[in-house]
Amino acid sequence: MFTKQLQDEEILKIAKTIDSTNGSLYKRFLFFISSITFRFGFRYPKLKLQIFKFIDVLPSIETNKIYEYFKIYIFDEDTEIPHFLKTLFHRLIRLLFLSTLASYIILLFVKFFAKSFILTDSPNHLKKEDTFKRPRTYDILGEIALSPLEAKKYQKQYFQLIEELSEVETNINPKLRTNISIKCSGIETKLYPEAEEKSIQYLKEALRPILRLAMEKGIGINLDMEQYDLKSIISETAKELFREDEFKSYPHFGIVIQSYLKTSNDDLKIWKEYAKKRGVPITIRLVKGAYLEYERIKSEERGWITPVFDSKQETDIQFEENTLYLLDSYPYLRAAFGTHNLRSLAFVLFHTKRKSISDFELQMLYGMAEKYKCNLESMGQIVREYSPVGLLLPGMAYLIRRLLENTSNQGFLYQMSLGKSIHSMVKNPNEENLNGI
Amino acid sequence: MEFKNETIRDFSLEKERSAMHSALDSLPKSFPFEIPISIGTKEKISPNSFFHKNPWSPDLVVTKVSLAKPNDLEEVVKVSKKSWFEWKQVSQEERSNLLIRVADNLVSKKDFIISVCIWETGKQVTEAEVEFAEAVDFCRYYAMIAKEKLSPQKTILLGEDNFYSYHPKGIVGCISPWNFPMAIFTGMCAGPLVSGNIVVAKPAEETSATAYEITKCFWEAGIPREIFHFLPGLGSEIGEAIVTHPEVSVINFTGSRDVGLSILRKASIVSPNQSIIKKVICELGGKNAMIVDADADLDVAIQAILSSAFGFQGQKCSALSRLYVHSECYLKLKDRLIAAMDGLLIGSPLDFSNRIGPVINEESYLRLQKIQKENANFLVGKTCPVPDLGFYISPSLYEPPNNSDMWNSEMFGPILSMRKISSFSEGIQLTNQSDYALTCGVISRNPKHVLEAKSNIDAGNLYINRGITGAVVNRQPFGGGKLSGTGAKAGGPDYLYLFVEGKTYTENTMRQGFSRETLT
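Note that this is a predicted model, so its numbers are computed, not measured. (Residues numbered from 1 in each chain as written. Chains lettered and ligands numbered in written order. Predicted model: local features only at pLDDT ≥ 70, side-chain atom pairs only at ≥ 80, totals over all residues. Heavy atoms only, no water.)

## Notes on the pairing of strand E2 (residues 179-182) of chain A
Residue and element names in this part refer to chain A.
- Every second residue of E2 is oriented toward a common face, with Asn 179 and Ser 181 on one face and Ile 180 and Ile 182 on the other, all of them buried.
- Sheet topology note: the strand E1 (residues 136-140)/E2 ladder contains three bridges and is parallel. The partner of Asp 139 across the bridge, within E2, is Ser 181.
- Examined bridge by bridge, E2 and strand E3 (residues 220-223) share four bridges and lie parallel to one another. Bridging across to E3, Ile 180 finds its partner in Ile 221. (Buried < 20%, exposed > 50% of the residue type's maximum accessible area, 1.4 Å probe, protein only. Helix = DSSP H or I, 4+ residues; strand = E, 2+ residues; numbered from the N terminus. Pairing = 2+ DSSP bridges.)

In structure tokens:
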């Protein structure tokens, strides 16, 4: 057996390897630039907020009006930019009639930024060689669909995507198998918690043709998890669908468990029992969860106790518990860990090694934590990239979520960029509890 | 005492859904509900009755309502006068506590009351849930506000004691509508009761059963029956009698503009044996607008429009009926909105996946059909299909000409008109071109425009970047100005002042040049 302390030392060692600085000069430069960006976001929180609000409205305004909005959001509001600088800049632009030019430059800049998080603008533009570089799980960008028409369009994009992707060889390493992530509220609008049974019927109908097509090509399917309201509908749909005759023996289906939910432990238990009965494994992507603020706001509005943990630390503790349970449930449940957190990554690697489990996945978002990905790859780990496909401007909501994640002062990458010691960052979350951090 | 809004149920839990379904399914065996007239401790069934049919299967009579007559009101007045003195003596603390108990009683009968309401009105279950929570909120909120605001104020000087205290006005006639039979009925009665008045409740004919079940919760909590009377019946009979009775001090009315204005007229006539000036509180209609700016988040706009214009079939005074959209996003919004309307399921509220139910009764159904027919030329989008049986009106979107009646008169149905604007300020100008000033919505991400809207739009409740219905007690005190009403803000801090009169006692405490202080 191993002691807790030994375990933490081992985890720290692994973390150091994942974090070690190497790779090309260009990659190091990129990491440096992103560190500066994150730090900037923290030092100027008011400006950060205004920039995000501005990026949010950008897709809805005509290009020549961009500067006008930039002025309203960045210059007219109280931010950390000194007053004289704002006035100077604005006067200069007005004096030289540069507002149109400024608009274009701003748009280009934001598009450039968005591009670093979005793989390509359309399934038709997927480059064949790109699909071989790293295994991916593709996601079609877009927020909620508001009509059956929009849902159909969204569904069609998935068909297009599957058409474009090449067939997966039968004996491929499961970690390399092409995969698609599906956002259920995008392909079916009639999802109502109060009418769960009907919603499940509708969602199953919308999903079946996609699943069928993907199965023909040997592509894996993962149902993404969204807000808490839809959790029950999405999970129940998955359970019923994956047991239907035509799908029951397909081993490449997956679903998401969010560790920030207080129910995640119980949900994992249910999935294990389910997979045992089904007789064919299910992949569980374990993430921390992306709708934290939304859940808090909604539950306050309705007078609910929030379904999510209040502190990041509690989530981190739960994530580690979930990880252990998930690994213990192998081979019924196949684990995929979606995290950019160094401690979580090292924790996973430590325990998979200890339990001699090699059939698990590490998943990270396209455009984030490139350094970690490279180092993990040189350690012999394959990293799957969650890769959004879609138009840059409508994808802005996705971009903002990524930016928030990158610049949140609790976020791991940001903390790292502050130059905090790796030792303190990789601390056992349970220990932090004792020290009151 | 801290106020907390009642929790909205999580219908993603199977047990909540099945409890609601079984409550709904268990009702029809007791149809028709027989609704008595209640005067003090006496209840009676009148041979004259009104039959209310279920809106989605009109062959089913849900309620058989006894019709109260003017002589019933005479009796009510007699009984009340005897008991009022005692009720006035009850401490504010005690009266507030009674109201808290009413809230608890309501909660304990939640599924049953919501079910009665759904069978009477055809309301969708999540809307009914929110409405029920509002009813509970009214009780708890007014209980708290009464304790905070209605206690006497003292101003003591060296030689003079001053007391300012609040006293109930007497008999309050509460004439309530059918569209929110739980929330509005409860709120309209709870306010006057907690401040020490006598309540004569005249519920809407269509929702007498819901109102009666709520009334029972008041009685069971300990509100004396001699103080809270229940007189169901027709507006033209018992409603009119309440308005004109010389001993009714306050008329608390929520309903249509025409009825409201006629109440104001009638109540202003002082009859020979009358010794009070009647006070009329009116919550009337709306012709509510929403401005969608060029930079709007259309996802937000469309969700807000759908729920505000078509929620409960548009039968809310706060419902959206005028949509002003900036030319830069007009076509895009219109196309997406029409497509989204296509996704609304129409059918009975017993199937929780339906978004749109039937309208309240045949009269409404025929009236709305007529409006739809008259404006068929301007129709641009319509939700289909509609079930054959039942009073279903499909949500429809129009582009009527500027001089059309569609822009001015209240429709009370799922009918929405839209029009292009070339600037945000044009939107404000058009919004304000209305007799009504109840709710209004603005969907914009331009902080300057939002500020402009806040200072220039005439509306009792202005909502920014969200839907315009569903005001929550304490958070959004509800009520409007102009011809939308007398500006009573229900669920707000000033509501209870409408049912009390201030009295001042001033006592000179100086005797022969010395005061209390000089002697001690």
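## Digging into the environment of Ser 30 of chain B
- You can see Ser 30 of chain B is positioned in the loop between helix H1 (14-26) and strand E1 (33-35).
- Residue Ser 30 of chain B is classed as partly exposed on the basis of its relative accessible area of 36%.

## Concerning the nonpolar core
- Of all hydrophobic cores here, the largest spans 136 residues; its most connected members are Tyr 142, Phe 228, Val 292, Leu 323 and Leu 333 of chain B.
- The element that contributes the greatest number of residues to this core is helix H5 (residues 125-149) of chain B, accounting for 13 residues.
- Both domains that meet at this core, namely domain 1 (14-284 + 485-503) and domain 2 (288-464) of chain B, each give it at least three residues.
- Setting aside residues no more than four positions away along its own chain, Leu 333 of chain B makes contact with Val 292, Leu 298, Ala 301, Ile 302, Ile 305, Leu 323, Val 325 and Met 418 of chain B.
- If you look at the next biggest cluster of nonpolar residues, it comprises 77 residues, including Ile 182, Ile 257, Trp 271 and Phe 337 of chain A. (Core = buried A, V, L, I, M, F, W, Y, C linked by side-chain atoms within 4.5 Å. Domains from an automatic or database assignment. Contact = heavy atoms within 4.5 Å.)

## Regarding the state of the cysteines
Residues and elements named next belong to chain B.
- If you walk through the whole model with that rule in mind, you get zero disulfides over all chains.
- With no disulfide partner, Cys 189 has as its closest neighbouring cysteine sulfur the one in Cys 174, 4.3 Å distant.
- With relative accessibility at 0%, the residue Cys 189 sits in the buried group. (Disulfide = S-S within 2.5 Å.)

## Digging into the packing of helix H10 (residues 298-310) of chain B against helix H11 (residues 330-342) of chain B
Residue and element names in this part refer to chain B.
- Look at H10 against H11: their axes get within 10 Å of each other, and the N-to-C directions meet at 50°. By the angle between their directions, the pair H10 and H11 is classed as oblique. Classified by chirality, the crossing of H11 by H10 is right-handed. On H11, the residues touching Leu 298, Asp 299, Ala 301, Ile 302, Ile 305, Leu 306 and Phe 310 of H10 are Lys 332, Leu 333, Arg 336, Leu 337, Ala 340 and Met 341.
- Among the residues making up the contact of H10 with H11, the classes are represented as ten nonpolar, no polar and three charged. (Axes fitted to C-alpha atoms, helices over the stretch in contact; angles between N-to-C directions. Parallel < 35°, antiparallel > 145°, perpendicular 65-115°, else oblique. Left-handed = near helix turned anticlockwise from the far one by under 90°. Nonpolar A, V, L, I, M, F, W, Y, C, P; charged D, E, K, R; others polar.)

## Observations concerning the pairing of strand E7 (residues 160-168) of chain B
Residues and elements named next belong to chain B.
- The sheet contact formed by strand E6 (residues 153-156) and E7 spans four bridges and is antiparallel. Residue Thr 155 lies in a different strand from E7, and its bridge partner there is Asn 162.
- A loop of three residues connects E6 with E7, the two strands running antiparallel in sequence.
- Pairing between E7 and strand E22 (residues 500-508): nine bridges, direction antiparallel.

## With respect to the UniProt feature "domain: Aldehyde dehydrogenase" (unreviewed entry) in chain B
- Mapped onto this numbering, the UniProt entry annotates "domain: Aldehyde dehydrogenase" (unreviewed entry) at residues 54-504 of chain B.
- Helix makes up 40% of residues 54-504 of chain B and strand 20%, and the two end C-alpha atoms of the span are 52 Å apart. (UniProt positions renumbered as here; feature names shortened; annotations may be inferred.)

## Details of the sheet that holds E7 of chain B
Residues and elements named next belong to chain B.
- With antiparallel pairing, the three strands of this open sheet are ordered in space as E6-E7-E22. If you trace the sheet from one side to the other, it starts and ends with E6 and E22, each paired once. Put simply, the sheet's adjacent strands are angled 15° from each other on average, direction ignored.

## So, the side chain of His 52 of chain B
- Relative to the elements of secondary structure, His 52 of chain B occurs in strand E4 (residues 49-53).
- Apart from residues no more than four positions distant in its own chain, His 52 of chain B is found in contact with Leu 60, Val 61, Val 62, Thr 63, Glu 120, Glu 205, Glu 206 and Ile 360 of chain B.

## What about the sheet that holds E1 of chain B?
Residues and elements named next belong to chain B.
- Judged by pairing direction, the sheet is mixed, and its three strands sit side by side in the order E1-E5-E4 without closing on themselves. The open sheet has two edge strands with one neighbour each: E1 and E4. For this sheet, the mean inter-axis angle between neighbouring strands, taken without regard to orientation, is 20°.
- Inspection of the sheet shows E4 paired to strand E5 (residues 61-66) by five bridges, in the antiparallel sense. Bridging across to E5, Lys 53 finds its partner in Val 61.
- In the packing of helix H7 (residues 208-221) onto the sheet, contacts are made with E1 and E5, and the angle to E1 comes to roughly 70°.

## As for the interface of chain A and chain B
- With 34 residues of chain A in contact, the opposing surface of chain B contributes 35 residues.
- A buried area of about 2,800 Å², summed over both sides, lies between chain A and chain B, and 50% of it is on carbon and sulfur atoms.
- The largest share of the area that chain A buries against chain B comes from Leu 146, Tyr 192 and Glu 194 of chain A, three residues that together contribute 22% of it.
- Taken together, the links from chain A to chain B amount to eight salt bridges.
- Residue Arg 445 of chain B is joined to Asp 56 of chain A by a salt bridge in which the shortest nitrogen-to-oxygen separation is 3.1 Å.
- Counting the contacts that link chain A with chain B gives 18 residue pairs in polar contact (both at pLDDT 80 or more).
- Within the residue set of the side of chain A that touches chain B, elements represented by two or more residues are helix H3 (45-57), helix H4 (66-75), helix H8 (148-164), helix H10 (196-217) and helix H13 (292-302) of chain A.
- In terms of residues, the side of chain A that touches chain B owes the most to one element, H10 of chain A, which gives four residues.
- Its residues placed into classes, the side of chain A that touches chain B shows 15 nonpolar, four polar and 15 charged. (Buried area = accessible area lost by both parts, 1.4 Å probe. Salt bridge = Lys/Arg side-chain N within 4 Å of Asp/Glu carboxyl O. Polar contact = N/O pair within 3.5 Å; in protein donor to acceptor, adjacent residues only side chain to side chain.)

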